[in-house]
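Next come the chains, spelled out residue by residue.
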Amino acid sequence: MLIGVLALQGAFAEHKKILDKLNVESFEIRQKKDILKEFDAVILPGGESPVIGKLLKELDIFEELKIKIVNGMPVFGTCAGMILLAKEIENDDRRHLALMDIKVKRNAYGRQLGSFTCSEKFGLIEQFPMVFIRAPHAINAGDNVEVLSVVDDKIVAARQNNILVTAFHPELTDDTRIHEYFIGMVKENDRV
Ligand code: GLN
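So, how was this worked out
- Residues numbered from 1 in each chain as written.
- Predicted model: local features only at pLDDT ≥ 70, side-chain atom pairs only at ≥ 80, totals over all residues.
- Heavy atoms only, no water.
- Near = heavy atom within 4 Å.
- Polar contact = N/O pair within 3.5 Å; in protein donor to acceptor, adjacent residues only side chain to side chain.
- Areas by Shrake-Rupley, 256 points an atom, 1.4 Å probe, with all protein chains shown as cover.
- 1 Å grid on protein atoms, 1.4 Å probe; cavity = no way out; pocket = protein on both sides within 12 Å on 5 of 7 lines; lining within 4 Å.
- Sits in = over half its atoms within 2 Å of the grid points.
- Nonpolar A, V, L, I, M, F, W, Y, C, P; charged D, E, K, R; others polar.
- Helix = DSSP H or I, 4+ residues; strand = E, 2+ residues; numbered from the N terminus.
- Expected span 1.5 Å × (residues − 1).
- Buried < 20%, exposed > 50% of the residue type's maximum accessible area, 1.4 Å probe, protein only.
- Arc of directions from axis to C-beta.
- Contact = heavy atoms within 4.5 Å.
- UniProt positions renumbered as here; feature names shortened; annotations may be inferred.

Asks: Is there a simple way to think about the site of the ligand in this case?
Replies: Taken together, the neighbourhood of the ligand is formed by Gly46, Gly47, Glu48, Ser49, Cys79, Ala80, Ile83, Arg106, Asn107, Ile133, Arg134 and His169. Contact distances for the ligand include 2.7 Å between an oxygen atom and a backbone N or O atom of Ser49. In isolation the ligand offers 300 Å² of accessible surface; the protein chains occlude 97% of this area. The cavity that encloses the ligand is the largest pocket. Grouping the amino acids of the shell around the ligand by side-chain chemistry returns four nonpolar, five polar and three charged.

Asks: Help me out: how do you make sense of helix H6 (residues 177-191) in this one?
Replies: Each α-helix winds once per 3.6 residues, and so residues spaced three or four apart point in a common direction. With 15 residues, H6 ought to run about 21 Å at 1.5 Å a step, and its terminal C-alpha atoms sit 21 Å apart, in line with that. Those residues of H6 that fall on the buried side of the exposure criterion are Ile178, His179, Phe182, Ile183, Met185 and Val186. Down the axis of H6, the buried set is contained in an arc of 150 degrees. They therefore lie on one face.

Asks: In this structure, what is going on with the side chain of His96? I would like to understand it.
Replies: With respect to the helices, strands and loops of the structure, His96 is situated in the loop between strand E5 (86-89) and strand E6 (100-105). Overall, the relative accessible area of 8% leaves His96 in the buried class. With near-sequence residues (within four places) excluded, His96 lies in contact with Ser49, Pro50, Gly53, Phe62, Ile83, Leu84 and Ile89.

Asks: Explain the environment of Phe39 to me, please; I cannot follow it from the model alone.
Replies: With respect to the secondary-structure elements, Phe39 resides in the loop between helix H2 (32-35) and strand E3 (41-44). For Phe39, a relative accessible area of 10% puts it in the buried group. Distance from Phe39 to Glu25, taken between C-alpha atoms, is 10.0 Å for residues 14 residues apart in sequence. The contact partners of Phe39, leaving out residues within four places of it in the chain, are Leu2, Gly4, Phe27, Ile29, Asp34, Lys68 and Met73.

Asks: Help me understand the UniProt feature "binding site: L-glutamine" (unreviewed entry) in the chain in this model?
Replies: The UniProt record marks Gly47, Glu48, Ser49, Arg106, Ile133 and Arg134 with the feature "binding site: L-glutamine" (unreviewed entry), using the residue numbering of this structure. These annotated residues cover 88 residues of sequence, and their C-alpha atoms all fall within 13.0 Å of one another, placing them together at a single site. As for the annotated residues, the ones lining the largest pocket are Gly47, Glu48, Ser49, Arg106, Ile133 and Arg134. Looking at the element boundaries, Glu48 is found in the loop between E3 and helix H3 (49-58). Classification of Glu48 by relative accessible area gives partly exposed; the value is 22%. For Glu48, the residues in contact, after removing those within four places along its chain, are Gln9, Ala80, Arg106 and Arg134. Along the chain, the position of Arg134 falls in the loop between strand E8 (125-132) and strand E9 (137-141). Side chain to side chain, Arg134 and Glu48 meet in a polar contact 2.7 Å long.

Asks: Just to check I follow, could you spell out H3 for this structure?
Replies: Buried within H3 we find Ser49, Pro50, Ile52, Gly53 and Leu56. For H3, the angular spread of buried residues about the axis comes to 165 degrees, placing them on one side. For H3, the exposed residues set more than 90 degrees away from the buried face come down to Lys54 and Glu58. If you follow the buried residues of H3, they end up packed against strand E1 (2-6), helix H4 (62-70) and helix H5 (80-85). The positive-phi residue at the C-terminal boundary of H3 is Asp60, with phi of around 65 degrees.

Asks: I tried to follow the UniProt feature "active site" (unreviewed entry) in the chain on my own but got confused; where do I start?
Replies: The sites that carry the UniProt feature "active site" (unreviewed entry) are, in the present numbering, Cys79, His169 and Glu171. The largest pairwise C-alpha distance within this set of annotated residues, which runs over 93 residues, is 10.9 Å, so the set is compact in three dimensions. In the annotated group above, the largest pocket draws its lining from Cys79 and His169. Along the chain, Cys79 falls in the loop between strand E4 (75-78) and H5. Among the residues examined, Cys79 registers a relative accessible area of 4% and is labelled buried. Setting aside residues up to four positions removed in sequence, Cys79 forms contacts with Gly46, Ile133, Arg134, Ala135, Pro136, Thr166, Ala167, Phe168 and His169. Of note, Glu171 is situated in the loop between strand E12 (163-166) and H6. For Glu171, a relative accessible area of 4% gives the class buried. Contacts of Glu171, omitting those with residues within four sequence positions, involve Ala11, Glu14, His15, Ile18, Thr78 and His179. A polar contact of 2.7 Å, which involves the side chain of Glu171, links it to the side chain of His169.

Below is the structure:
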């Protein structure tokens, strides 16, 4: 299994570290030739969604990435990655990959005081340490979206088929269980 980690801006190194810890091979996607490689899944890290979105287009990675996800490649978007994948963004006119039936709000917890941690449920995991950094949350989700975490009545993790998103940053903790969940999705996909 080979996972590509989008490495244009933001917290990509931390995802790679978790994958190393889980003995999963990964590589950084920095330019067009990287997205053209053969690989099994992709991670879109946290950072600034307008910056990553702009670089995806400027570096001509956008179309190929979108096609891969549309064709079923498993993708895990954290924080800004969740915004890149959302079909609707409440407080931004920009749209990026726009593949998941969720409406998100950027910087939903305020800009300055928007960082906090808590320990909440993710799917079948009872307690997961969640680190939020100027995070979005989803305001609503389509019927085809499985909501995996709700914190203070807000959707902060969800899955739609091959697309997994978290508003928080599992890569900034020592807890590898959400990455393991994603790897489970990749294995499922490889079997089909
Ligand atoms: N505030 C950022 C955005 O709107 C997301 C923050 C993050 O990824 N930690 O894209």
